[in-house]
Amino acid sequence: MPQQVTVTEHILLHQKLIPGATGQFTRLFNELVLSAKIITRAVSKAGLVDILGFTGDVNVQGEEVKKLDDYANRILIHRLARSGVLCAMASEENADIIEVPDSLPRGEYIIIFDPLDGSSNIDVNVSIGTIFSIFKRKSEPQGPLMSSDVLQKGSEQVAAGYILYGSSTMLVFSSGEGVHGFTLDPSVGEFLLSHPNIRIPEQGKVYSVNEGYERYWDRGTKKALDYFKSPKNALHKPYSGRYIGSLVADIHRNLLYGGIFMYPADLRDPKKPSGKLRLTCECNPMAFIVEQAGGMATDGLNRILDIEPDHLHQRVPFFCGSLNDVKVVQDIFRAESRGK
Ligand code: P6P
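Numbers given for residues are sequential positions, taken from 1 along each chain in its written order. Given that this is a predicted model, residues contribute local features only at a pLDDT of at least 70 and side-chain atom pairs are listed and counted only at 80 or more, while totals for whole chains, interfaces and linings are drawn from all residues. Note: side-chain values were computed over all heavy atoms of the structure, leaving out hydrogens and water.

**Q** What should I look at first to understand the overall build of the protein in this one?
**A** Only runs of H or I of at least four residues qualify as helices and only runs of E of at least two qualify as strands under DSSP, and these elements are numbered from the N terminus. Looking only at helices and strands, the protein features eight helices and 15 strands. Every radius of gyration here is taken over C-alpha atoms, with the globule rule written as 2.2 Å times N^0.38, N being the number of residues. For 340 residues, the compact-globule estimate of 2.2 N^0.38 gives 20 Å, and the C-alpha radius of gyration of the protein, at 20 Å, lies within 12% of that figure. Judged by the C-alpha coordinates and their principal axes, the protein covers about 60 × 50 × 45 Å. Categorising residues by exposure relies on relative accessible area from a 1.4 Å probe, with only protein chains included: less than 20% of the type maximum marks a residue as buried, more than 50% marks it as exposed, and the intermediate range marks it as partly exposed. Looking at the protein as a whole, 55% of its 340 residues are labelled buried. Working rule for contacts: check all heavy atoms of both residues, and any pair within 4.5 Å makes them a contact. Counting contacts in the protein only where the partners sit at least 6 residues apart, residues at least 24 apart contribute 63% of the total. As presented, the protein carries roughly 14600 Å² of accessible surface, and 51% of it is formed by carbon and sulfur atoms. Counting rule for charge: Lys and Arg are taken as positive, Asp and Glu as negative, and neither His nor the chain ends is counted. In this description, the location of a charge corresponds to atom NZ of lysine, CZ of arginine, CG of aspartate or CD of glutamate. Counting 37 positive and 40 negative side-chain charges, the protein places the averaged centre of each group 5 Å from the other. Per-residue and other accessible areas were derived by the Shrake-Rupley procedure at a 1.4 Å probe size, with only the shown protein chains allowed to occlude residues.

Right, here's the structure in full:
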């Protein structure tokens, strides 16, 4: 009988519990796992029921909200609030911090999530994902929640991860003790350990970027792409270009096979002066995962996890993946900043 380890069992048996935790983390994670199963059911039927299409609403990002986006957001908010261990939540779909209703028990954890990233791919059956980032509040539990409790830098995360709704549903997360992947077995409704201790190859062979925006890139990004396409790079041949346009799918592929994902600054669009991706609900959790797997994540000059967030929906340029590849990008940007 193959050893079948469930995600809850894994957290209890193999992850050091967060210092001072009283099983609260496990309760939060169990609600996240239940949410993943509920969203999987909806995503797998999206083509069959009238859940596709637009709600007609527009989210804080100015993007049309698809029904599945909205559904996933509502499921996560409802379930996570009932974990009884949160003092606050934040969602990519909501402009402001989401308070936990006074009628529900609260705790010391904070979770920030993108409920269904890559949602523009829903209608064409391309993999999409939920991304999450978990902190513990810093302010006194009896006192008021401070914005600094939510706007913590990524290095303060106690856990982070993603759920990938693809050919199978995978939960990939880290609580600071390496990265572990669990695959949902729909026949028993459990996430089973399928990818223990994931390590990203130190040297990649793939770059992921939307080259349609090349004319709007800064010099550093253009020089980086010249490097990856040049036979004079570390591989002595051009890297392959792979871009799905769904962050969770692109990062997951590079995590397992190696490579670098880039969403650079966009010098054209006043809404995206620092690129499109959000620091708190996309870049921080992905950077935490990739660093825990032995990779690296930078905005070109600074480690992503060291950036102090200014506001909840702050965007940053994002270069993330295999250590050797991200180091090349950082060296290019640092040389640019020295005016070389
Ligand atoms: P573009 C999806 O909308 C998303 O936020 C990420 O999942 C993805 O990496 C990126 O945007 C794709 O953006 O501008 O290349 O279509």
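Back to the text.
**Q** Help me understand the UniProt feature "binding site: substrate" (unreviewed entry) in the protein, please; the structure alone is not making it clear to me.
**A** UniProt positions are given in the numbering used here, feature names are shortened, and annotations may be inferred rather than shown by experiment. Per the UniProt record, "binding site: substrate" (unreviewed entry) is annotated on Asp117, Gly118, Ser119, Ser120, Asn210, Tyr243 and Lys276. Inspection of the secondary structure assignment puts Asp117 in strand E5 (residues 109-117). A residue is classified by how much of its surface remains accessible, and Asp117, at 8% relative accessible area, is buried. Sequence-distant contacts of Asp117, that is, excluding residues within four places in its chain, are made with Ile128, Gly129, Ile131, Ser246, Leu247, Val248 and Glu282. Looking at the secondary structure, you find Lys276 in the loop between strand E13 (260-263) and helix H7 (279-292).

**Q** Even after reading the chapter, I still don't get the pairing of strand E15 (residues 318-321), so can you show me in this structure?
**A** On a regular strand, each side chain points to the face opposite its neighbour's, so the side chains alternate between the two faces of the sheet. Here E15 shows two buried faces, one formed by Phe318 and Cys320 and the other by Phe319 and Gly321. For two strands to be treated as a pair, DSSP must find at least two bridges joining them. Here E13 pairs with E15 via four bridges, running antiparallel. When the sheet's bridge partners are listed, Ile260 is paired in E15 with Gly321. Bridging between strand E14 (residues 296-298) and E15 involves three bridges; their strand directions are antiparallel. In the strand pairing of E15, Ala297 is matched with Cys320.

**Q** Which parts of the structure should I look at to understand the site of the ligand?
**A** By nearness alone, 14 residues border the ligand, and Asp117, Asn210, Tyr243, Leu247 and Tyr263 come closest of all. In this structure, Asn210 approaches the ligand through a side-chain N or O atom, which is 2.9 Å from an oxygen atom. Residues adjacent in sequence count toward polar contacts only when both atoms are side-chain atoms; beyond that, a polar contact is any pair of N or O atoms within 3.5 Å, and within protein one must be able to donate a hydrogen and the other to accept it. Taking Lys276, its side chain carries an N or O atom lying 3.0 Å from an oxygen atom of the ligand. Burial of the ligand by the surrounding chains reaches 86%, relative to a free accessible area of 400 Å². Residue composition of the shell around the ligand, by class: six nonpolar, four polar and four charged. Here a residue is considered near a molecule or strand provided that any single heavy atom belonging to it is located within 4 Å of it. In this count, Pro and Cys sit with the nonpolar residues alongside Ala, Val, Leu, Ile, Met, Phe, Trp and Tyr, while Asp, Glu, Lys and Arg are called charged and the others, Gly among them, polar.

**Q** Is there a simple way to think about the sheet that holds strand E12 (residues 240-241) in this case?
**A** Pairing between the strands of a sheet comes from backbone hydrogen bonds, and it takes one of two forms, parallel or antiparallel. Strand order in the open sheet formed by five strands is E12-E11-E13-E15-E14, with mixed pairing between adjacent strands. A strand with exactly one partner marks an edge of an open sheet, and here the two such strands are E12 and E14. Only C-alpha atoms enter the line fits that serve as axes; for helices the fit covers just the stretch in contact. Angles between N-to-C directions range over 0 to 180 degrees. Here H7 sits on the sheet and contacts E14 and E15; the angle it forms with E15, its principal contact strand, is near 25°.

**Q** Looking at this structure, I do not really get the packing of aromatic side chains. What am I missing?
**A** Think of a pair of aromatic rings as described by two things: how far the centres are apart, and how the planes are tilted against each other in angle. Aromatic pairs are defined between Phe, Tyr and Trp rings, using the six-membered ring for Trp, whenever the two ring centres lie within 6.5 Å; interplanar angles under 30 degrees are classed as stacked, those over 60 as edge-to-face, and all others as tilted. Applying the stated criterion to the full structure yields ten aromatic pairs. Between Phe25 and Tyr109 the ring centres are 6.2 Å apart and the planes differ by 55°, which places this aromatic pair in the tilted class. Within this pair, whereas Phe25 is found in helix H2 (residues 24-45), its partner Tyr109 is found in strand E5, the two being separated by 84 residues in sequence. Overall, Tyr109 belongs to the buried group, its relative accessible area being 0%. Their ring planes at 65° and their centres at 4.8 Å tell us that Phe228 and Tyr239 sit as a pair that is edge-to-face. Of this pair, Phe228 sits in helix H5 (residues 219-229) while Tyr239 sits in the loop between H5 and E12; the two residues are eleven residues apart in sequence, bridging distant segments of the chain. Among the residues examined, Tyr239 registers a relative accessible area of 5% and is labelled buried. Above the plane of the ring of Tyr213 lies Arg268, whose end atom (NZ or CZ) is 5.3 Å from the centre. Note on criteria: charge over ring means Lys NZ or Arg CZ within 6 Å of the ring centre, with the direction from the centre no more than 35 degrees off the ring normal.

**Q** For this particular structure, what's the right way to read the pairing of strand E10 (residues 190-195)?
**A** Relative to E10, strand E9 (residues 180-185) runs antiparallel, the two sharing five bridges. In the sheet register, Gly181 faces E10, and the bridge partner there is His195. Remark: four residues form the turn of the hairpin made by E9 and E10, two consecutive strands paired antiparallel; Gly189 in that turn has positive phi of roughly 70°.

**Q** What am I meant to see in the nonpolar core here?
**A** The tendency in soluble globular proteins is for nonpolar side chains to be buried as a group. Nine residue types can take part in a nonpolar core, namely buried Ala, Val, Leu, Ile, Met, Phe, Trp, Tyr and Cys, and a core is a set of them joined through side-chain atoms within 4.5 Å. Core analysis: the largest hydrophobic core is formed by 42 residues, its most contacted members being Val7, Phe29, Leu80, Ile111, Phe132, Ile134 and Leu171. It is H2 that contributes the most residues to this core, nine residues altogether. Those residues in contact with Leu171, other than ones at most four positions away along the chain, are Val7, Phe29, Val33, Phe132, Tyr162, Ile163, His180, Gly181, Phe182 and Phe191. Counting residues in each nonpolar core, the second largest holds 32 residues, with Leu247, Val248, Phe261 and Ile304 among its members.

**Q** It is not clear to me how the sheet that holds strand E6 (residues 128-136) should be interpreted in this structure. Could you clarify?
**A** Strand order in the open sheet made by the eight strands is E4-E3-E5-E6-E7-E8-E9-E10, with mixed pairing throughout. At either margin of the open sheet sits one strand with a lone partner, and together these are strand E4 (98-99) and E10. Pairing of strand E3 (residues 86-91) with E4, which is carried by two bridges, proceeds in the antiparallel orientation. Residue Ala88 lies in a different strand from E4, and its bridge partner there is Glu99. Of the strands in this sheet, E3, E4, E5 and E6 touch helix H3 (residues 67-81), which is tilted by about 160° from E5.

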